Amino acid sequence: KTHRASLKQLVAAFRAAVRFGDDESEGSSDMVFASSHAFNAVMRFSIGQMDAVLRAHLEGGAAPAGRKGSSKATREGKKAGKAVRVDALPHWRALQPLVKSYLTNLVVFVDRLASSAERGSEMLSVALGQLHRLVPFLLPFPRLRPKALRALLRAWAAPEAGGQGCSLVSYAAVRQLATEGGMFDEALKGLYLAYARGAKAMTRPRLARVVLLSSCLVDLCGADPAAAYQHAFVYIRQLAIHLRNAIQKTSDAATRQVYSWQYVNCLRLWAQALCALAKPADSPLRQLAYPLVQICLGTARLLPNIRYAPLRFQCVRMLNNLAAELGVFVPVAPLLLETFRFAQLAKPPKKAPRDKPPDWAVLIKVSKADADKWVYQESMVQQALFLLAEHLHGLAYDVSFPELIVPTLAALKRVAKATKIVALQQRARRLSSLLEAHAAWLQPRRDAADFSPKDSGRAAAFLATEREARSGPLSSWFLQEVSASEAREAELRAEAENRGPIEADAPGDDDSDGDDDSDGDDDSAAREKRRKRQASKRERQRQAAQGQAQLEAAAAAGSHELGTATDTVEDFVLSDLEED
């Protein structure tokens, strides 16, 4: 009883500390802290060792001083391979109110740390670790679990809330709630919405965090692929509706909903999920590969303009990954060959020696002025040829490779003959010769094969040893290109770390940035022109923000009733979609 009274006082002290400064808490507690040292001592003990204290009291004894972790009964249960439910422990009924009070205040504390402007990463990390260890204690409280999930999601998604360590601990707790607490649907929906809200813009420092968040989502989808399919179907369908809306309405606002980092990152998330989880032929997520590929193809071709070549390349990377991981053929070559026919490539580019090549990983569009520059055009054709080589290298050991490359080979030769860009001419000829050499290397081996095309099993295993060793002529050259690309990526990453965050494309960037090439002879006219351009930019940014809000609303509505018409935004008319 003495120990129980002490525990009750400790829980009351923790509540007073968490609620300290709240207007509604003034006069509601008799607890007064003698000094800041006492306040800190209560907080440190409560968020550092309370899990062992609670478990020990529930099992019938006080926790040993300074001991963390589970008690003897719990450890024996784990050794026996049995999950020990806390509501089955001997003293659960008597201590349930104290446990609930402590957990409620711990959730409030974590939520405040994650949302506060002055975040303490060390304190938040400790509190999240405590909440993670106490997830089994949350399971008997169905009304408290959603509150804990919201606090964990806030800490998981907030970029300033302690960095990657806090995000990983938060996700571990969310995953445990999802798998053990029956909250899979709520957890997956919450993670996706938080990811979408945090993926509206992209910079080189932010890229690593976006990849981390998407990896957490993919991991949770892997915990229950059948349930994840329901959510993925709804959210991919919403992306398709936004794309259809942009194609049919042809308005700037509708186009910006698609040509935004939020849309691209959501598309990339589901491509990553399918690459990781849809490899087995019986995987439910594999059924979504075809619609996702069609969305990527439609997004890449929505605006066939040199300014939007970076977004086209983003889609091509997703398609190349899907083709490589799922073992399917995706017609990527036409998307890349079309970039060589942009009208700007036929004009003399503007040379600026000090300009650096763009960072394609964090780029979806450029201004009109940048699109006319030599450094952008040269880098663009190099990137297009690299992605084309990546696509063809994935087919290099296929039995049908000599026939597959015929259209691409003819197009490359036409490009090399017609272009005035020396780098494009040289690289196109080089790739053409490598394709011909690889086809000549493969042809005798195919002639010696003793199976027919209908023998799909043996056709799939054709040149399996050479594929593993990458011994073909095309592979030798492509591996060198990959090494050079990785070195460039490491260099860009190091530069970003040295000079801090660099803003990339924002969703509301003005389409006319850098268009004014006048000499500025009339200062007043130039000022008036800039003023009008800035006003137009603000209006477009406002429309883009509204479009993104609609995209978030679509995602938020998506999981209320899976598989029904209410899954999508009310602004979209879906009757004709169902009839198609």
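Below you will find a few notes about this structure. Counting of residues starts from 1 at the beginning of each chain's written sequence and follows it residue by residue. Whole-chain, interface and lining totals are the exception, using all residues; otherwise, since this is a predicted model, local features are given only for residues with pLDDT of at least 70 and side-chain atom pairs are given and counted only at 80 or more. The basis for the side-chain values is all heavy atoms of the structure; hydrogens and waters are excluded.

A look at the side chain of Asp 359
Part 1 of the argument: Along the chain, the position of Asp 359 falls in the loop between α17 (333-337) and α18 (368-371).
Part 2 of the argument: N or O atoms closer than or at 3.5 Å make up a polar contact, with two conditions inside protein: a donor-capable atom paired with an acceptor-capable one, and, for residues adjacent in sequence, both atoms drawn from side chains. Among the polar contacts listed, one links the side chain of Asp 359 to the side chain of Arg 204, at a separation of 2.6 Å.
Part 3 of the argument: In this description, contact between two residues means that some pair of their heavy atoms is separated by no more than 4.5 Å. Leaving out residues up to four positions away in the same chain, Asp 359 has contacts with Arg 204 and Leu 492. Counting from the N terminus, the helices are DSSP H or I runs at least four residues long and the strands are E runs at least two residues long.

Section: the packing of aromatic side chains
For any two aromatic rings, the description comes down to two numbers: the centre-to-centre distance and the angle of the planes.
Part 1 of the argument: Here a pair means two rings of Phe, Tyr or Trp (six-membered ring of Trp) with centres within 6.5 Å. Their orientation is stacked below 30 degrees between planes, edge-to-face above 60, and tilted elsewhere. Tallied over the entire structure, the rule returns twelve aromatic pairs.
Part 2 of the argument: Ring centres of Tyr 192 and Tyr 235 lie 4.1 Å apart, and the angle between their planes is 20°; on these two criteria the pair is classed as stacked. Separated by 43 residues along the polypeptide, Tyr 192 in helix α10 (residues 184-197) and Tyr 235 in helix α12 (residues 225-249) bring together distant segments of the chain. Neither residue differs from the other here; Tyr 192 and Tyr 235 are each classed as buried.
Part 3 of the argument: Both rings, one in Tyr 192 and one in Trp 270, keep their centres 5.4 Å apart while their planes meet at 35°; by these two values the pair is tilted. Of this pair, Tyr 192 sits in helix α10 while Trp 270 is found in helix α14 (residues 261-277), placing the two residues 78 residues apart along the sequence.
Part 4 of the argument: The buried label applies to any residue whose accessible area, calculated with a 1.4 Å probe on protein chains only, is under 20% of its type's maximum; exposed applies above 50%, and partly exposed to all values in between. What makes Trp 270 buried here is its relative accessible area of 2%.
Part 5 of the argument: What links up through ring pairs into an aromatic cluster is the set Tyr 192, Tyr 235 and Trp 270.

Details of the packing of helix α9 (residues 163-180) against helix α11 (residues 204-223)
Part 1 of the argument: Fitted lines through C-alpha atoms give the axes, limited to the stretch in contact for helices. The angle between two N-to-C directions lies from 0 to 180 degrees. Two elements in contact, α9 and α11, have axes whose closest approach is 11 Å; the angle formed by their N-to-C orientations is 15°. The orientation of α9 relative to α11 falls into the category roughly parallel. When the axes of α9 and α11 are compared, the crossing they make is right-handed. Residues Gly 163, Gln 164, Ser 167, Leu 168, Tyr 171, Arg 175, Ala 178 and Thr 179 of α9 pack against Ala 208, Arg 209, Leu 212, Cys 216, Asp 219, Leu 220 and Ala 223 of α11.
Part 2 of the argument: Of the residues belonging to the contact of α9 with α11, the class tally is eight nonpolar, four polar and three charged. Comment on the angle field: the value is read as roughly parallel under 35 degrees, roughly antiparallel over 145, roughly perpendicular from 65 to 115, and oblique elsewhere. Handedness of a crossing is defined here by the sense of rotation of the near helix relative to the far one, left-handed for an anticlockwise turn of less than a right angle and right-handed for a clockwise turn. Three categories are distinguished: nonpolar for Ala, Val, Leu, Ile, Met, Phe, Trp, Tyr, Cys and Pro, charged for Asp, Glu, Lys and Arg, and polar for the others, with Gly belonging to the last.

Brief notes about the pattern of salt bridges
Part 1 of the argument: A pair is scored as a salt bridge if a Lys or Arg side-chain nitrogen falls within 4 Å of a carboxyl oxygen belonging to Asp or Glu. Applying the stated criterion across every chain, the model contains 15 salt bridges.
Part 2 of the argument: Linking Arg 154 and Asp 111 is a salt bridge whose minimum nitrogen-to-oxygen distance equals 2.8 Å. Pair noted here: Arg 154 is in helix α8 (residues 144-157) and Asp 111 is in helix α5 (residues 92-115), with a separation of 43 residues, a long-range link.
Part 3 of the argument: Classification of Arg 154 as partly exposed rests on a relative accessible area of 41%.

Notes on the state of the cysteines
Part 1 of the argument: Any cysteine sulfur atom paired with another within 2.5 Å is treated as part of a disulfide. Scanning all chains against the criterion turns up zero disulfides.
Part 2 of the argument: Here Cys 296 is not cross-linked by a disulfide; its sulfur's nearest cysteine counterpart is in Cys 315, at 5.4 Å.
Part 3 of the argument: Residue Cys 296 is classed as buried on the basis of its relative accessible area of 0%.

This is a description of form; function is not addressed.
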